[in-house]
Amino acid sequence: MSPARRSGGTICTRPEPPDNQPTPTAGPGWRLPGPPAARVRGLRKVYRRTVALDSVDLDVPAGAVLGLLGPNGSGKTTMLRLLLGLARPSGGTVELLGQPMPRSAGCVLPHVGALVEEPGFLPHLSGRDNLARCAAAEPLLATAAIPNAVDTALRRVGLARATGADRPYRTYSLGMKQRLGLAAVLLAPRKLVVLDEPTNGLDPAGTREVRRLIAELHAAGATVLLSSHLLSEVEETCTHVAVLTTGSVVATGELAELLEADGPALQIHTSQPNAALAALRAARIPGYTERGLVVADLSDTPPELVLSTLVHAGVPVAEARRRRTGLEELFVQLTEDGA
Amino acid sequence: MTGPADPATRGEPAPGDSPSAGTAGPAPGRHSDCRAVAFAAKLTGRPAAPLVRLLRAELRFGLAGPRTLITLAVLALVPLLIGIGVGARGPAGDALAAAPGPGPGLIAAITGNGLMLPISALRVTLFLLLPLGVSIAAAEALAGEAAHGSLRGQLLAPIGRVRLVLVKAFGVFAVAVLEVAVVTAVGLLAGLTCVGGGGQLLTLSGTSVGFGHAMWRVAVAAGWALLQVAAVGAVALAVSALTEHPLLVPAAVLGAAIVSGVLNVIPSLGWLRPVLLTSGWGSITDLLRDPVPTEGLTHSTLLALGYLVVGLAVAVAGTLRREA
């Protein structure tokens, strides 16, 4: 029995000197200084002979919405379970909110809301009773505040009385189960929210509501870590991305930077590509054609200058836009190279 | 409309659980170890939900299911059926002399002797139904929760793992209390109404005991049976902590009970008998003798306490090791 397993009786140590930053308020909070909300170093997890994760390093910046992308079986859920202290690492270290896990689970987890794997509730209880049971175990909820917290959480995920909050959980559809799992995450104020494929089984309206919830949590200053294999979901909701393939992180960083990994460039649609290239060359702006589009390198040139150069040279510009690698393209590139 | 902005859900540690009350350093301005600063805001020490709240939630949501009610109803049927069966045969079948041991003889001895019914009913149910009921509750407590995935939520709340086992053990013990109480109370009622016996207990030794003293013996029998059932519950909880298949728990417990019953009657394995929990279960009939021989009751009580401690220890160890 390793003492690191114990969640009771341990004392959380103070890892960093106190920084007197104001409490995060509304707005994009991920520029806030301070230690990352989660820090993973050399993480390894072996199940009997299967290596689920191997030497994973990852930082989840405080205040970020980080999307953990990866194909099925890449170790996303294993990673989240290790982060939350539900499973023991075979090697490496995990820190959550600056505290070592799983040793400090008792200090850290009250501030963490998590929905890992499929939502788990007792089938014979109603959704409301299940949530009340979860609320009873929440350290940060005062007993008197429980009924109100349960009602608020149910309302926020769209499980009002009329839509089945009082029906037994076993009669729930997949989407309703997922909503109840999200409601449990929202029971108490959180510093970190961990969501494992949160839109699993939800209809388009439900998916939109989840995006709205994530945006609300982000705006309230919480860090959100979500795993997904849905690229569009990550592209729309996340500020940061980490790509996991066969147990290793192959790319991590801000979403915008990853999508411009080839350097910033402007794609110009024109009927006279040769004239456009000549005009760019005359102005010493690097450019080339790619799939019928003229691409102007923006590393040293502002986009306004590119456009005015072209227009003054008399090149008809039909359309100009920032080149972004599609996340899907990036994902396929990273995961297939890794395999 | 966000959670943190809602004053009702704002995290105020419950009374009595204030971190500053428990673990903070002596100087109010000083950061204690547990009041660590994570980023931008403080982690408020080591908060935990009040234990009473957890126990109440366990009773209300964990146990008050149809499963417990069905178990109790079946258990109530046993003394009721014995009472009706014996009562219907009437006082004519006075087979007391032919009934020194357990089994059908013990049932026959109830005839016209209603106060013997609760103790006989405990004796009959202790061999199958009481352990079954308590192991079903224990199966649900850890293995069932793990199978539903709801154990993860409890661990993430978080409820500390040792605390979780204590809460679950409390729930299983509550089921044991209910079971024994139902068998004893229904047995007493059925004995007094269907069988009768004039407020006297006719012991197996042939003497007769007054009503007050007989009630005292019934109470001792119930307490003794409760301890035996609790010991089975602790063992069942240990199995429950080691598996994710709830059905395995009653199967393992009943299997072990049957195997130990077999071992009990193999003469060359007589040395095993003192450590087999079931071997002491016959001693409840000692309470129907006069004077009461205490050796068997004492031994079985100590044995049950041992099983209780070992079972709980294994349950804690298994839960600490569990990957949810």
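None of the values given here were measured: they were computed from a predicted structure. (Residues numbered from 1 in each chain as written. Chains lettered and ligands numbered in written order. Predicted model: local features only at pLDDT ≥ 70, side-chain atom pairs only at ≥ 80, totals over all residues.)

**Focus: the overall build of chain B**
At step 1: Tallying secondary structure elements over chain B gives 11 helices and four strands in all.
At step 2: Counting only contacts in chain B whose residues sit at least 6 apart along the sequence, the fraction spanning at least 24 positions is 75%. (Helix = DSSP H or I, 4+ residues; strand = E, 2+ residues; numbered from the N terminus. Contact = placed C-beta atoms within 7 Å.)

**Focus: unusual backbone geometry**
At step 1: Cis geometry is found at the peptide bond from B:Ala157 to B:Pro158, where omega equals 0 degrees.
At step 2: The residue after B:Asp290, namely B:Pro291, is reached through a cis peptide bond having omega -5 degrees.
At step 3: Structurally, B:Pro291 can be placed in the loop between helix H10 (248-264) and helix H11 (295-321).
At step 4: At A:Glu117, a position not held by glycine, the phi torsion is positive, near 55 degrees.
At step 5: Among the secondary structure elements, A:Glu117 is positioned in the loop between strand E6 (112-115) and helix H3 (127-137).

**Brief notes about the sheet that holds E6(A)**
Residue and element names in this part refer to chain A.
At step 1: Spatially, six strands are ordered E6-E7-E8-E3-E9-E10 in an open sheet, and the strand pairing comes out mixed. Two strands bound the open sheet, and with one partner strand each, they are E6 and strand E10 (248-254). Here the strands of the sheet are splayed against their neighbours by 10 degrees on average, with no regard to which way each runs.
At step 2: Inspection of the sheet shows strand E3 (residues 65-69) paired to strand E9 (residues 240-245) by four bridges, in the parallel sense. Residue Leu68 lies in a different strand from E9, and its bridge partner there is Ala242.
At step 3: Helix-sheet contacts for helix H1 (residues 76-83) involve E3, strand E7 (192-196), strand E8 (223-228) and E9, and the interaxial angle to E7 is about 150 degrees.
At step 4: Sheet strands in contact with helix H6 (residues 204-219) are E3, E7 and E8, and its direction is about 150 degrees off that of E8. (Pairing = 2+ DSSP bridges. Axes fitted to C-alpha atoms, helices over the stretch in contact; angles between N-to-C directions.)

**A closer look at the pairing of strand E13 (residues 293-297) of chain A**
Residue and element names in this part refer to chain A.
At step 1: Side chains Val294 and Ala296 project from E13 onto a buried face, and the interleaved Leu293, Val295 and Asp297 project onto a face without burial.
At step 2: Pairing between strand E11 (residues 265-270) and E13: four bridges, direction antiparallel. When the bridges of E13 are listed, Ala265 appears paired with Asp297.
At step 3: Pairing of strand E12 (residues 287-290) with E13, which is carried by four bridges, proceeds in the antiparallel orientation. Within E13, the position partnered with Tyr288 by the bridge is Val295.
At step 4: In sequence, E12 turns back onto E13 through a hairpin of two residues, with Arg291 there showing a positive phi of about 50 degrees. (Buried ≥ 20, exposed ≤ 12 C-beta atoms within 10 Å, placed from the backbone.)

**Let's talk about the packing of helix H6 (residues 129-148) of chain B against helix H9 (residues 211-242) of chain B**
All names here are of chain B.
At step 1: For the pair H6 and H9, interaxial distance at closest approach is 8 Å and the crossing angle is 35 degrees. Where H6 crosses over H9, the handedness of that crossing is right-handed. For the pair formed by H6 and H9, the contact residues are Leu130, Pro131, Val134, Ser135, Ala138, Ala139, Ala141, Leu142 and Ala143 on the first element and Val229, Val232, Gly233, Ala236, Leu237, Ser240 and Ala241 on the second.
At step 2: Residue composition of the contact of H6 with H9, grouped by class: 13 nonpolar, three polar and no charged. (Left-handed = near helix turned anticlockwise from the far one by under 90°. Nonpolar A, V, L, I, M, F, W, Y, C, P; charged D, E, K, R; others polar.)

**Re the sheet that holds strand E1 (residues 38-47) of chain A**
All names here are of chain A.
At step 1: Within the open sheet, the four strands sit side by side as E2-E1-E4-E5. Their pairing is antiparallel. One side of each edge strand has no neighbouring strand; the edge strands of this open sheet are strand E2 (50-60) and strand E5 (99-101). Between one strand axis and the next, the sheet turns by 30 degrees as a mean value, whatever way the strands run.
At step 2: The sheet contact formed by E1 and strand E4 (residues 91-96) spans five bridges and is antiparallel.

**Remarks on the domain arrangement of chain A**
At step 1: Segmentation of chain A into domains returns domain 1 (33-259) and domain 2 (265-323).
At step 2: Placing a centre on the C-alpha atoms of domain 1 of chain A and another on those of domain 2 of chain A gives a separation of 44 Å. (Domains from an automatic or database assignment.)

**Observations regarding helix H4 (residues 146-156) of chain A**
Residues that lie three or four places apart on an α-helix share one face, since the helix turns once every 3.6 residues.
All names here are of chain A.
At step 1: All of the buried residues in H4 are Ile146, Ala149, Val150, Ala153, Leu154 and Arg156. The arc enclosing the buried residues of H4, seen along the axis, measures out at 165 degrees, which places them on a common side.
At step 2: Looking at the buried positions of H4, the neighbouring elements they touch are H3, helix H5 (174-185) and H6.
At step 3: Gly158 occupies a position one or two residues after H4 and carries a positive phi of about 75 degrees. (Arc of directions from axis to C-beta.)

**Focus on the packing of H6(B) against helix H8 (residues 161-195) of chain B**
Residues and elements named next belong to chain B.
At step 1: Viewed as axis vectors pointing N to C, H6 and H8 meet at an angle of 155 degrees, and their least axial separation amounts to 9 Å. Between H6 and H8, the interaxial angle falls into the category roughly antiparallel. The handedness of the crossing between H6 and H8 is right-handed. Listed contacts from H8 to Leu130, Gly133, Val134, Ala137, Ala138, Ala141 and Leu142 of H6 are Lys168, Gly171, Val172, Val175, Ala176 and Glu179.
At step 2: Among the residues forming the contact of H6 with H8, the class breakdown is nine nonpolar, two polar and two charged. (Parallel < 35°, antiparallel > 145°, perpendicular 65-115°, else oblique.)

**Some points on the nonpolar core**
At step 1: Residues A:Val194 and B:Leu237 are the most contacted members of the largest nonpolar core, which totals 178 residues.
At step 2: Looking at which element gives the most residues to this core, the answer is H9(B), with 19 residues.
At step 3: In this view, A:Val194 contacts A:Leu80, A:Leu83, A:Leu84, A:Val112, A:Ala114, A:Val116 and A:Leu225; residues no more than four positions away in its chain are not counted.
At step 4: Within the second largest apolar cluster, 12 residues are counted, among which are A:Ala276, A:Ala279, A:Leu280 and A:Val306. (Core = buried A, V, L, I, M, F, W, Y, C linked by C-beta atoms within 7 Å.)

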